[in-house]
Structure formats: C-alpha cells, structure tokens
Amino acid sequence: MRVVDIINKKKIGHALTQEEIEHFVQGYVKGEIPDYQISALYMAIYFQGMNDEEIANLTMAYVNSGETIDLSGIDGVKVDKHSTGGVGDKISLIVIPLVASLGIPVAKMSGRGLGHTGGTIDKLEAIQGFRTALSTEEFIANVNNHGMAVVGQTANLTPADKLTYALRDVTGTVDSIPLIASSIMSKKIASGADAIVLDVKVGSGAFMKSLEEAKKLAECMVQIGKSLKRRTIAIITDMNQPLGHEVGNANEIREVIDVLGGKGAEDETTVALTIAAYMAIASGKYHDFQSTYGELLQVIASGKAIEKLKELISIQGGNPQIVHEPWQLPQAKHHIEILSTHAGYVSYIDAEYIGLVAMQLGAGRKKKDDPIDYAAGVTLLKKVGDYVDLNEPLCILHTNLDHVETNVLKAYAFQDSKPAPMEYIHEIIK
Ligand code: URA
C-alpha cells in the first residue's frame, strides 16, 4: 500500500478504508512514514473531512497504537470528563470531588497545558507534594478506596495521537472536526472509561469559535462514543470570556476551594454543577437533571465537597491544610493592578488573549518542556456585565518576572449600557 495513493484518494474526497487508516497510523508511529506525507494527508482530511466510519476507525487506530488501561478492577460505572480546552477552566478539579461525593467512581486522566489553555495536571502540581504520576495499581486502588483519582497521561497511551497532535500544531490542521474528535475520544477510550462527559467549549478562547462548529464537533464525538459502546454526553459551554475570576495554576486552585466551599463565581459554579450532574446521569445512578443539580448544591452546602477535596489532596501526597490556608499555595513576588481606562460596562474579555498574557507572566508553556511558574496568573476583578469606573482596578497580574511587557487592556471592550446576561450552557448533545 502506498501512502501517496491514500493522500490522492482523500484529496479528491473519497472515504478511506479501515486498512488504509491503520496503515498510515501504524507506519507513522513506527517512523516508516515521514512527517511530510502525514502533513499532506492531514491537510487533505482538513479540507475533505471524514465520514462517521472513518472517524471511528481513526479513533481506534490511535487507541491501538499504544497501551490501554483496564479499569475493570474498579466496581461500578467509571465516568470520565474531558474539556476541549479553555482559559480559567478548572472544572475538572471541581467535579472530581463533587461527583465522588455522590458515590460515583471518578477515574480521571488529565493532561498539561499547552499554549493559551491550561491543564489540570499543572494546576494540581501547584500543590506542593501532589503526585500525578501514579502507577496503574495505585490509581485503581485510590478509586476503589476513595472513589476518585487523577493521573497524568502515561507516555505510552495513544502515541499516534501525541505524534500527530504535535505535527498538526505546526501544520495548521488542529481545528479540524474529525481530527479533534478522534484525538480526544482515542484518549478517553484508551484510558478505560465506561461513560464520558465532554465539555465542548465555544467562543473566543476555544478552538471552536462558532456554535455551529462546536455542535458539529460535539455530535461527532457523541457518535464515536455511541459506535464504541461508551455512554457519551457533550455539553457545549461558553468560552467567550475566561471562566471564573482566576487564570493561572495556584490561583485556580484557590478558586476551586471557593467553588467547593459555596463561594464560587456564578459562571464557574453553573458550568461545574451542570457537568457534574451529567456525569452522575451518565453513570446511570441518577436520572433527572434538576434533582441531581439540587443534590450537588447540597453536597457543597453540607461541607462534604470540600472534605472530599481535602481527601483527594491527602491521598495523592499534598497537604490538605491548604484548603483552609490557601495563602500557603505559591505566591508571586509582584501583583500589578491594572486600572480601567474607561468608565462603563465590560462587554467583552478576549479569553485567548488573557490566556496568552497568563502564559507570558510564566503560568504556561510556549514549548512542551518549558518550566512553569505556579504562582503566575491573572485575577479578573471585573467580568462581562460588571460596571467599572475610570481608574478602578480591572484585573491583577501576578508574576515573579521583574519586567513585564504586556497590554492586557487590549483584551477588554466596554459599552455604556448593561449587556444582556451571558449564557453559560449552550446545548446538551446526548
Ligand atoms: N484536545 C485534544 O486532545 N486534541 C485536539 O485535537 C484538540 C484538543
């Protein structure tokens, strides 16, 4: 089989067979097919798309390129959750203890941040001593004994996705629905979840900029889940401004503590509770959204959620006392208040731009192996819909860098009248 024939076939819009898909995925992982051929093929896929069968086959070819995790040693329906990536997106850290508090096992495999979007593993590592490199045995034991565990992706899980993702990043082929869907779903299938809840972000800080595109991506992933016999629900949530008030690693942990303590921002709390409720429904243990949402509010009000977060920190090697003394988390040397140059209502905060500012301050990586500064980040004092006076503080930049050249004000737009309330949840696709 010649790769050039596969490229030509896709170039003119024909569907690829399972054999052809497996051939190029395996050949690429073994180093037998060069980057330039896979780049050309992925650009052809970008323009011509793939049908449902091709996407399911590509997903399974990624899964079969490496090891898979067997979670059958854990009792009950194991639920996982995945976000397509956002700014200030700390939802995973909120829903793990919340859903586990309902007695539903949460076996969460998470990644690190890259570019303007953050990653759960980096955020957790802001807690001194927190271990994310658990062996499969310890991971399973923690879920069995405590109902929850979080682990970083093992090196050998879906290596084909890892390789092609890096190539897509530099060849303009990231924002392709079949390629994103197979990339995300392969990781979820390989990590052994029975049920999957997908947080599909839409807006300025997301890969999918329009609701129409986000809907297509969500439907595509739900279809893959269905064809591979995994209960899958996708929730399209808003990413037209950063989620909550905190962007960065240590400061996002502080905000998680606030949400689980019942003092969270409205957008963050609504999105987290909606996702947690659908995780409970996907597990089969709960059925009705409203009553599940109500029970989650109870779990927060009773203090059970915050106790569960302490348990998670403790079993993975961190000091649970930080929940009561969040100032013990890494703190930056400089806290720079940015004053508003306008009087009026905030009408827009460019999430991607804020993510890039946080990255510049040290909170994220420009390249895969760059070190990060857990203390760096941005606190948004005003969100869309809030009124701000001239010279009133709009946000705070936290950094250990002595010189910062950034114009965070470029992320903001203002208007004279109060904008309509934002919708946090756009659509649910089952
Ligand atoms: N997240 C992934 O894991 N893969 C993509 O292709 C895009 C976002």
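Computed from a predicted model, the values in this text were never measured in an experiment.

Attention now goes to the domain arrangement of the chain. How big an interface is tends to be reported as the loss of accessible area on association of its parts. Split into domains, the chain comes out as domain 1 (3-49), domain 2 (79-323) and domain 3 (330-415). Taking only C-alpha atoms into account, the centre of domain 2 sits 24 Å from that of domain 3. Opposite the 27 residues of domain 2 that make contact, domain 3 presents 27 residues. With both sides pooled, the region where domain 2 packs onto domain 3 buries about 2000 Å², and carbon together with sulfur makes up 50% of that total. Between domain 2 and domain 3 we count three salt bridges in total. Salt-bridge contacts for Asp267 lead to Lys383; the nearest nitrogen and oxygen are separated by 2.6 Å.

Mapped onto the elements of the fold, Arg168 is located in helix α8 (residues 159-169). Arg168 has contacts with Tyr42, Thr173, Val174, Leu179, Ile180 and Ser183, leaving out every residue within four places of it along the chain.

A word on the packing of helix α1 (residues 3-11) against helix α2 (residues 18-29). Put simply, α1 and α2 touch, their axes get as near as 11 Å, and they point 125° apart. Classified by the interaxial angle, the pair formed by α1 and α2 is oblique. Note on packing geometry: the crossing formed by α1 with α2 is left-handed. For the pair α1 and α2, contact is made by Val3, Ile6 and Lys9 and by Glu20, His23 and Phe24, respectively. Of the residues assigned to the contact of α1 with α2, the class counts are three nonpolar, one polar and two charged.

Now for the sheet that holds strand β7 (residues 334-339). Within the open sheet, the four strands sit side by side as β6-β9-β11-β7. Their pairing is antiparallel. Edge positions in the sheet fall to β6 (246-248) and β7, since each has one partner strand and no second. When strand polarity is set aside, the average angle formed by the axes of neighbouring strands in this sheet is 15°. Where β6 meets strand β9 (residues 377-380), three bridges bridge the pair, whose relative direction is antiparallel. The partner of Glu246 across the bridge, within β9, is Thr379. Along the sheet face, helix α11 (residues 250-260) touches β6, β9 and β11 (393-399) and points at about 145° away from the line of β6.

In the vicinity of the ligand, the contacting residues are Tyr165, Arg168, Ile180, Ser183, Ile184, Lys187 and Phe207. Arg168 places a polar side-chain atom, nitrogen or oxygen, 2.9 Å from an oxygen atom of the ligand. For the ligand, a nitrogen atom lies 2.7 Å from a polar atom in the side chain of Ser183. Compared with its free state, where it exposes 240 Å², the ligand has 92% of that area covered by protein. A per-element tally of the shell around the ligand places helix α9 (residues 177-190) first, with four residues. When the residues that make up the shell around the ligand are grouped by side-chain class, the tally is four nonpolar, one polar and two charged.

Put simply, α2 and α8 touch, their axes get as near as 9 Å, and they point 85° apart. For the element pair α2 / α8, the angle class is roughly perpendicular. Contacts from Val25, Tyr28 and Val29 of α2 reach α8 at Ala160, Leu163, Thr164 and Leu167. For the contact of α2 with α8, the class distribution of residues is six nonpolar, one polar and no charged.

Further remarks concern the packing of aromatic side chains. Under the criterion given, the structure shown has six aromatic pairs. Relative to Phe414, the ring of Tyr412 lies with its centre 6.3 Å away and its plane at 15°, an arrangement referred to as stacked. For Lys187, the ring lying beneath its charged end belongs to Tyr165, and the centroid distance is 6.0 Å.

Looking at the secondary structure, you find Glu125 in the loop between α6 (120-124) and α7 (136-146). Taking relative accessible area as the criterion, Glu125 reaches 21% and is therefore assigned partly exposed. As for Glu125 and Gly355, which are separated by 230 residues in sequence, their C-alpha atoms are 19 Å apart. Setting aside anything within four residues of it in sequence, one finds Glu125 in contact with Arg112, Phe130, Thr132 and Tyr374.

About the thresholds
Residues numbered from 1 in each chain as written. Predicted model: local features only at pLDDT ≥ 70, side-chain atom pairs only at ≥ 80, totals over all residues. Heavy atoms only, no water. Domains from an automatic or database assignment. Contact = heavy atoms within 4.5 Å. Buried area = accessible area lost by both parts, 1.4 Å probe. Salt bridge = Lys/Arg side-chain N within 4 Å of Asp/Glu carboxyl O. Helix = DSSP H or I, 4+ residues; strand = E, 2+ residues; numbered from the N terminus. Axes fitted to C-alpha atoms, helices over the stretch in contact; angles between N-to-C directions. Parallel < 35°, antiparallel > 145°, perpendicular 65-115°, else oblique. Left-handed = near helix turned anticlockwise from the far one by under 90°. Nonpolar A, V, L, I, M, F, W, Y, C, P; charged D, E, K, R; others polar. Pairing = 2+ DSSP bridges. Near = heavy atom within 4 Å. Polar contact = N/O pair within 3.5 Å; in protein donor to acceptor, adjacent residues only side chain to side chain. Areas by Shrake-Rupley, 256 points an atom, 1.4 Å probe, with all protein chains shown as cover. Phe/Tyr/Trp six-rings, centres within 6.5 Å; stacked < 30°, edge-to-face > 60°. Lys NZ or Arg CZ within 6 Å of the ring centre and 35° of its normal. Buried < 20%, exposed > 50% of the residue type's maximum accessible area, 1.4 Å probe, protein only.

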